[in-house]
Structure formats: structure tokens, C-alpha cells
Amino acid sequence: MNILPMETTDNKVSKQIMDLKDLISGPLVATIDADSISTRRYLSYLYELAFESYDANTGKVGKLRMLEFTYTTQDCGISKQQRVSIPLLTLVPLPLLQVKEADFDFDIQIIDALSADEN
């Protein structure tokens, strides 16, 4: 089945003809691809942030990046130095985006149709 997209530019109808399956699958494939690219970029960001080194070819990661700080406490007049070490990853908000829903509107005109002969 061939269709004519109803995209108008300067009140002129586009003459590009496509199969109905291509019109419907195009936005679906683009949405899935966008979700996949977003996930890969998120993982890349996560590895760069969380680990001191990362080899994308082998998947090996280095040591976890840690944030260390010291502070002084007073206990019965005695000062003590305390050291705390936490993963840097716990302090940074991670931008996890995901496609949960997509709406597509199609405005098409069918210009040709074939019917199957049962004989």
C-alpha cells in the first residue's frame, strides 16, 4: 500500500511516496534508537565518574573514585581526627532518562490500494 504524507511547506503537499510500514516503523525505530543511545551515554558517564579508569574495549574498570575528608571531634575534652571515605558516585545525581511512553500522530492519505484475489 502506498501513501502520501500530508506534510505541507508553503501550502504545497509533499510528493514523496512511502510504504505504510516505513511510515509507521520509522518513528518507532527512532524512539528505540534514542533510548538505546541515552542508555549508552549514561553508562559512559557513570564509568567516567565512578571509576579512576575504564577501558571500553575490555570492560575493565579501575578503583572506585572515593571522596575522603577529615574532621575533628571532641570527646571528654580529647580531640580526635576522624577520616571518612565515601564513593563519589553517592554524591552526584545521575541523569537517568528513559522513554516510558511515546505518542505518534499520522496524517496520511492513501493513494493506492491492492486487493488480494481469493482465486
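This report concerns the structure included in the present document. Position numbers for residues count from 1 along each chain, tracking the sequence in the order it is written. Local features in this predicted model are restricted to residues whose pLDDT is 70 or higher, and side-chain atom pairs enter the listing and the counts only when it is 80 or higher, whereas totals over whole chains, interfaces and linings include all residues. Side-chain measures were taken over the full set of non-hydrogen atoms in the model, leaving aside hydrogen atoms and water.

Some remarks on the overall build of the protein chain
Stage number 1. A tally of regular secondary structure across the protein chain gives one helix and seven strands.
Stage number 2. Here a strand is any run of E in DSSP of at least two residues, a helix any run of H or I of at least four, and the numbering for each starts at the N terminus. Along its sequence from the N terminus, the protein chain presents helices and strands in the succession β-β-β-β-α-β-β-β.
Stage number 3. Buried positions account for 7% of the 119 residues belonging to the protein chain.
Stage number 4. Taking the contacts inside the protein chain whose residues are at least 6 apart along the sequence as the reference set, 39% of them involve residues at least 24 apart. Only protein chains enter the accessibility calculation, which uses a 1.4 Å probe; a residue is then buried when its area is under 20% of its type maximum, exposed when over 50%, and partly exposed in between. Between two residues, a contact is recorded if the distance between any of their heavy atoms is within 4.5 Å.

Here's the deal with the pairing of strand β6 (residues 78-87)
Stage number 1. At least two DSSP bridges between two strands are required for those strands to pair. One ladder, built from ten bridges, connects strand β5 (residues 66-75) with β6; its direction is antiparallel. Bridged to Tyr71 within β6 is Gln82.
Stage number 2. The turn joining β5 and β6, which pair antiparallel and follow one another in sequence, is formed by two residues; a positive phi near 55° is taken by Cys76.

Notes on the packing of aromatic side chains
Stage number 1. Only Phe, Tyr and Trp rings are paired, with Trp represented by its six-membered ring, and only when their centres lie within 6.5 Å; those with planes under 30 degrees apart are stacked, over 60 edge-to-face, the remainder tilted. Per the stated rule, a full pass over the model turns up two aromatic pairs.
Stage number 2. An angle of 35° between the planes, with centres 6.1 Å apart, marks the rings of Tyr47 and Phe51 as tilted.
Stage number 3. With a centroid separation of 4.2 Å and an interplanar angle of 10°, the aromatic rings of Tyr47 and Tyr54 are classed as stacked.
Stage number 4. Given a relative accessible area of 34%, Tyr54 falls into the partly exposed group.
Stage number 5. Ring-pair connections join several aromatic residues into one group, and the members of that group are Tyr47, Phe51 and Tyr54.

A closer look at a nonpolar patch on the surface
Stage number 1. On the surface, a cluster of nonpolar side chains totalling about 480 Å² of accessible area is made up of Ile24, Leu28, Phe104, Phe106, Ile108 and Ile110.
Stage number 2. Tracing the sequence through the fold places Phe104 in the loop between β6 and β7 (108-112). A patch is a set of surface residues, each over 30% in relative accessible area and not in a salt bridge, joined within 9 Å for like charges and within 5 Å for the nonpolar side chains Val, Leu, Ile, Met, Phe, Trp and Tyr. Accessible surface is estimated by sampling points in the Shrake-Rupley manner with a 1.4 Å probe; for residues, cover comes only from the protein chains shown. Salt bridges are defined by distance alone: a side-chain nitrogen of Lys or Arg within 4 Å of a carboxyl oxygen of Asp or Glu.

A look at the pattern of salt bridges
Where charged atoms of side chains with opposite charge meet at close range, the side chains can pair.
Stage number 1. Per the stated rule, a full pass over the model turns up one salt bridge.
Stage number 2. Between Arg83 and Glu68 there is a salt bridge, and its shortest N-O distance comes to 3.6 Å. Here Arg83 is found in strand β6, whereas its partner Glu68 is found in strand β5, with 15 residues between them in sequence.
Stage number 3. On the basis of relative accessible area, Arg83 is assigned to the exposed category, the value being 62%.
Stage number 4. Overall, the relative accessible area of 47% leaves Glu68 in the partly exposed class.

Just distances and angles here, no functional claims.
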